[in-house]
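Structural overview for review
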Amino acid sequence: MAEPILKVALDAPVMQAFDYLPPTAPVSLRPGQRVSVPFRSGERVGVILELAEDSKIPRDRLRRIRVCLDPEPLLDAKLMALLDWAATYYQHPPGEVYAAALPRLLRRGRGEAAHQHAWRTTAAGIAALGEGSLARAPAQARILTELIGKPWGMPMEELRRFGAATAKTIRALATKGLIEKVRATSPPLTGQPAPRPGPILNDAQRAAVEQITGSSGYGVFLLEGVTGSGKTEVYLQCVAAELSRGRQALLLVPEIGLTPQLLERIRARFPTVGLAVMHSSLSDGQRLDAWQRARRGEARIVVGTRSAVFTPLADPGIIIVDEEHDASFKQHEGFRYSARDIAVWRAHQLDITAVLGSATPSFETLFNSMSGRYRKLALPERTGAAGHPSVHLIDLRRHTPTDGLSAPLLAAIGRHLGEGGQVLLYLNRRGFAPTLFCPGCGGTIDCKRCDARLVLHRDRNRLVCHHCGAERSVPAECPECKGTLYPLGQGTERLENALQMHFPDAPAERLDRDTTRRRGELEERLARVASGRARILLGTQMLTKGHDFPAVTLVAVIDADQGLFGTDFRAAERLAQSFVQVAGRAGRGDRAGEVFVQTLFPEHPLLRLLVQGGYEQFAREALLERKAAAWPPYSHLALLRAEASRAEIAQDFLEAARRQAEGLDLSDITLLGPAPAAMERRAGRFRAQLLLQSPKRPALQRFLAGWRPLLAELREARTARWSLDVDPLEAD
Ligand SMILES: [Zn+2]
Ligand SMILES: [Zn+2]
């Protein structure tokens with residue numbers, strides 16, 4: 001019998017797997033094992049996709065696998081089927097898809113994770129505590145008390161969360177022989193892990209938990225809960241139900257850095273349950289460890305960002321996507337997948353429940369719930385005593401603002417501060433001013449490499465491009481006419497200055513990318529807000545993401561017009577989402593809140609609908625517009641993007657791609673373009689795009705499968721950089 005041919009996925013931009021012969025040493029080879037193979041002049045690690053009988057390449061030209069790295073398959077058949085589907089659906093090279101799903105150390109050929117260590121009490125430690133001999137070392141006593149309930153020990157990282165657990169205290173205890181270092185393992189799995197009891201649910205929460213935990217097999221629930229309605233509590237109770245059935249829960253969140261409160265709640269509720277947290281700022285070793293623990297079933301709860309959707313799970317029971325509308329679930333470069341959509345597919349594949357939670361569901365998800373594909377569960381009430389906030393529009397044509405603040409808003413801020421409330425101001429623009437303007441010649445200072453203006457950052461005294469990162473010094477005068485330059489418009493930095501001038505006794509905390517760059521800085525700032533030391537809180541999009549600010553009684557949207565006239569088909573949806581998310585921060589404790597919205601267009605129909613009717617009514621209206629224009633969810637899109645050092649190169653590639661497409665079966669497919677991108681020049685490169693639209697997803701998929709391989713063969717593909725984005729979030 002002839003030797004099998006092994007199809008291996010390698011991290012390379014090629015649409016097929018690579019064929020190899022088995023290694024010379026006899027070994028059992030199965031799909032899902034990693035192998036190290038010769039590749040060009042070097043060596044690479046790949047994953048065996050399948051064993052085949054023959055290859056298009058003659059056997060005598062095939063190279064041999066050098067070594068098989070895993071005695072057992074690392075990836076199970078289900079996870080591989082998921083990755084294969086994703087590669088096909090997103091028209092992306094399978095090797096790169098597999099690479100995206102594996103921790104870096106595994107991609108580099110490493111095996112088992114380095115063991116994490118934990119500390120646990122010794123018999124002497126237990127005795128010491130009983131005898132009270134540590135009365136004069138309260139910090140040490142506290143740690144011992146904590147450890148006594150944990151026979152499997154606690155990792156240092158977890159111990160550190162007790163203020164007193166410094167490395168020095170630990171060392172002191174270890175020197176006395178009261179604690180010892182052991183290899184970290186997860187708590188023993190008992191049939192009934194005992195979560196600490198949660199708060200009593202309101203009727204809507206209870207109904208939601210009953211529906212979700214009572215369903216069996218595949219089902220998708222949209223958990224639509226206004227901000228503050230207690231979605232997290234519903235998640236936790238559903239997780240508890242899965243754990244008690246001996247199954248794991250996967251919880252996807254937009255950004256770990258923004259959800260420390262959520263993690264704290266999970267740890268507090270499930271203190272004895274193995275937890276793995278997967279996000280981008282883990283070290284390679286930590287990531288591998290979390291991945292392995294999820295795969296072996298030691299971690300019963302897995303919390304992670306986008307790529308955690310590919311985490312291997314030993315006993316999957318439920319997948320929850322929190323803030324499912326969040327744009328960060330979509331990967332914007334390379335393998336452009338939607339973690340939310342993959343989560344739903346994976347739940348279907350595994351025949352389990354998926355829960356998509358949001359106060360402002362994406363229009364796709366709303367549409368699926370309206371059509372009955374998803375079951376909608378609503379949490380209409382807030383859990384605290386506070387009712388819904390009252391919303392007021394401030395007409396900026398009547399009340400000209402200074403530094404972004406109108407007189408009625410200043411009065412409201414003063415009143416709320418005077419009554420002891422906290423104030424939150426939302427402005428989705430960082431820096432001091434979006435541009436420097438010369439009234440003499442009407443000029444602005446633009447980025448040399450982008451079709452964009454440079455933003456003034458007065459903190460650093462630099463002009464910065466927010467698109468390519470280019471920086472320059474602030475010119476003393478207009479380079480064209482030597483006139484005086486003035487900062488035009490405002491960003492968060494300028495707003496902060498103005499607030500400090502108006503309210504010198506109210507400390508302000510600014511939350512944007514500039515003030516949270518340093519590790520831990522965001523947490524420090526949030527802590528100052530939580531403690532009440534900060535009275536005013538201002539910032540960008542960051543404020544809209546899941547934080548709980550119970551003392552905030554006033555929320556102000558400084559510039560509601562930013563999103564009102566966007567060119568992208570999703571502009572209105574995004575505006576409504578950030579508006580509702582930020583307004584929801586008002587009055588979450590026991591005090592009712594007020595929301596002030598500054599706008600030049602107080603009679604704009606969408607704005608009125610949003611203020612008076614709320615998100616759902618707004619969405620219904622906006623969906624009608626989408627339907628009329630045949631945008632998603634009433635159509636399916638794929639976007640072919642190209643960029644090059646000259647505009648013609650990108651254009652030529654897309655023209656050639658279009659001619660290729662016209663030679664194929666275009667039934668149910670509309671081609672739009674090629675056309676320059678909304679911002680044509682970015683970082684010195686010219687960008688253009690060709691949009692494909694279809695009312696039928698299978699038709700689009702079929703077409704892409706035939707078209708994608710032809711694109712790579714185009715002569716023009718060698719000079720333009722290009723990418724295909726299936727279900728793009730933006731299409732302008
Ligand atoms: Zn000038
Ligand atoms: Zn730039």
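Residues numbered from 1 in each chain as written. Chains lettered and ligands numbered in written order. Predicted model: local features only at pLDDT ≥ 70, side-chain atom pairs only at ≥ 80, totals over all residues. Heavy atoms only, no water.

**Quick word on the overall build of the protein chain**
Secondary structure summary: the protein chain contains 20 helices and 30 strands in total. What you see for the protein chain is a C-alpha radius of gyration of 28 Å, in line with the 27 Å of a compact globule of 732 residues. Across its three principal directions, the C-alpha atoms of the protein chain cover 85 × 85 × 55 Å. Looking at the 732 residues of the protein chain, the share that counts as buried comes to 52%. In the protein chain, of all internal contacts separated by at least 6 residues, the share reaching a separation of at least 24 is 75%. (Helix = DSSP H or I, 4+ residues; strand = E, 2+ residues; numbered from the N terminus. Rg over C-alpha atoms; globule rule 2.2 N^0.38 Å. Buried < 20%, exposed > 50% of the residue type's maximum accessible area, 1.4 Å probe, protein only. Contact = heavy atoms within 4.5 Å.)

**Side note on a nonpolar patch on the surface**
Side chains of Phe565, Leu600 and Phe601 sit close together on the surface and give an oily, nonpolar patch of about 270 Å² of accessible area. Counting through the fold element by element, Leu600 comes out in the loop between strand 26 (594-599) and helix 18 (605-628). What makes Leu600 partly exposed here is its relative accessible area of 38%. (Patch = residues over 30% accessible without salt bridge, like charges linked within 9 Å, V, L, I, M, F, W, Y side chains within 5 Å. Areas by Shrake-Rupley, 256 points an atom, 1.4 Å probe, with all protein chains shown as cover. Salt bridge = Lys/Arg side-chain N within 4 Å of Asp/Glu carboxyl O.)

**Topic: the coordination of the zinc ion (ligand 1)**
Coordination of the zinc ion (ligand 1) by the protein comes from Cys438 (SG), Cys441 (SG), Cys478 (SG) and Cys481 (SG), over a distance range of 2.3 to 2.4 Å. All donors of the zinc ion (ligand 1) belong to a single chain; written as a sequence motif, their spacing is C-x2-C-x36-C-x2-C. With a gap of 43 residues between them, Cys438 in the loop between strand 18 (435-437) and strand 19 (455-457) and Cys481 in the loop between strand 21 (471-473) and strand 22 (486-488) connect regions that are remote in the sequence. By relative accessible area, Cys438 is classed as buried at 0%. Classification of Cys481 by relative accessible area gives partly exposed; the value is 35%. (Donors = N, O, S within 2.8 Å, 3.2 Å for Na, K, Ca; no water.)

**Some remarks on the nonpolar core**
With 75 residues, the main nonpolar core has Leu75, Phe310, Leu640, Leu692, Leu704 and Trp707 as its most contacted residues. Leaving out residues up to four positions away in the same chain, Leu75 has contacts with Pro31, Gly32, Val47, Met80, Leu83, Tyr98, Leu102 and Trp291. Counting residues in hydrophobic clusters, the runner-up holds 36 residues, among them Leu222, Leu522, Ala583 and Leu607. (Core = buried A, V, L, I, M, F, W, Y, C linked by side-chain atoms within 4.5 Å.)

**Some details on the pairing of strand 24 (residues 536-539)**
By the alternation rule, side chains of strand 24 split into Ile536 and Leu538 and Leu537 and Gly539, which are all buried. Pairing geometry for strand 17 (residues 422-426) and strand 24, over four bridges, is parallel. Pairing of Leu424 across the sheet is with Leu537, part of strand 24. Relative to strand 24, strand 23 (residues 508-511) runs parallel, the two sharing four bridges. Considered in strand 24, the bridge of Glu509 is made with Leu537. With helix 16 (residues 521-530) bridging strand 23 and the parallel strand 24, this β-α-β connection has right-handed handedness. (Pairing = 2+ DSSP bridges. Right-handed = clockwise from strand over helix to strand, strands pointing away.)

**Remarks on the coordination of the zinc ion (ligand 2)**
In an ideal tetrahedron of four donors about a metal, each angle is 109.5 degrees. In an ideal octahedron of six donors, the angles are 90 or 180 degrees. Those protein atoms acting as donors to the zinc ion (ligand 2) are Cys447 (SG), Cys450 (SG), Cys465 (SG) and Cys468 (SG), and they sit at 2.2 to 2.4 Å. Within one chain, the residues donating to the zinc ion (ligand 2) are spaced in sequence as C-x2-C-x14-C-x2-C. Here Cys447 is found in the loop between strand 18 and strand 19, whereas its partner Cys465 is found in the loop between strand 20 (462-464) and strand 21, with 18 residues between them in sequence. Exposure class is identical for Cys447 and Cys465. Each is buried.

**Digging into the pattern of salt bridges**
Taken as a whole and judged by the stated rule, the model has 51 salt bridges. Its salt-bridge partner being Arg300, residue Asp315 comes within 3.0 Å of it at the nearest N-O pair. Here Arg300 lies in the loop between helix 11 (284-296) and strand 12 (301-304) and Asp315 lies in the loop between strand 12 and strand 13 (316-322), a separation of 15 residues in the sequence. For Asp315, a relative accessible area of 30% corresponds to the partly exposed category. Overall, the relative accessible area of 8% leaves Arg300 in the buried class. Residue Asp727 is joined to Arg697 by a salt bridge in which the shortest nitrogen-to-oxygen separation is 3.6 Å. Here Asp727 is found in the segment after strand 30 (721-726), whereas its partner Arg697 is found in helix 20 (residues 697-713), with 30 residues between them in sequence.

**Looking at the packing of helix 4 (residues 123-131) against helix 5 (residues 138-148)**
The interhelical angle for the contact between helix 4 and helix 5, taken along N-to-C directions, is 120°, at an axis separation of 10 Å. Relative to helix 5, the element helix 4 is oriented oblique. Considering only the axes of helix 4 and helix 5, their crossing is left-handed. Contacts from Gly125, Ile126 and Leu129 of helix 4 reach helix 5 at Ala141, Leu144, Thr145 and Ile148. (Axes fitted to C-alpha atoms, helices over the stretch in contact; angles between N-to-C directions. Parallel < 35°, antiparallel > 145°, perpendicular 65-115°, else oblique. Left-handed = near helix turned anticlockwise from the far one by under 90°.)

**Digging into the packing of aromatic side chains**
Within the structure shown, the criterion is met by 14 aromatic pairs. Ring geometry for Phe367 against Tyr634: centres 5.0 Å apart, planes inclined by 70°, an arrangement best described as edge-to-face. With a gap of 267 residues between them, Phe367 in helix 13 (residues 363-370) and Tyr634 in the loop between helix 18 and strand 27 (636-644) connect regions that are remote in the sequence. Residue class for Phe367 comes out partly exposed when judged on its relative accessible area of 24%. Tyr634 sits in the partly exposed class, given a relative accessible area of 24%. A network of ring pairs unites the aromatic residues Trp85, Tyr89, Tyr90, Phe310, Phe335, Tyr337 and Trp345 as a single cluster. Here Arg458 stacks its cationic end above the ring of Phe432, 4.2 Å away from the centre of that ring. (Phe/Tyr/Trp six-rings, centres within 6.5 Å; stacked < 30°, edge-to-face > 60°. Lys NZ or Arg CZ within 6 Å of the ring centre and 35° of its normal.)

**A few points about empty space enclosed by the protein**
As enumerated under the stated definition, the model contains one cavity of 30 Å³ or more in all. The space that makes up the largest cavity amounts to roughly 40 Å³. (1 Å grid on protein atoms, 1.4 Å probe; cavity = no way out; pocket = protein on both sides within 12 Å on 5 of 7 lines; lining within 4 Å. Points joined across faces, edges and corners; volume = space filled by probe spheres on them.)

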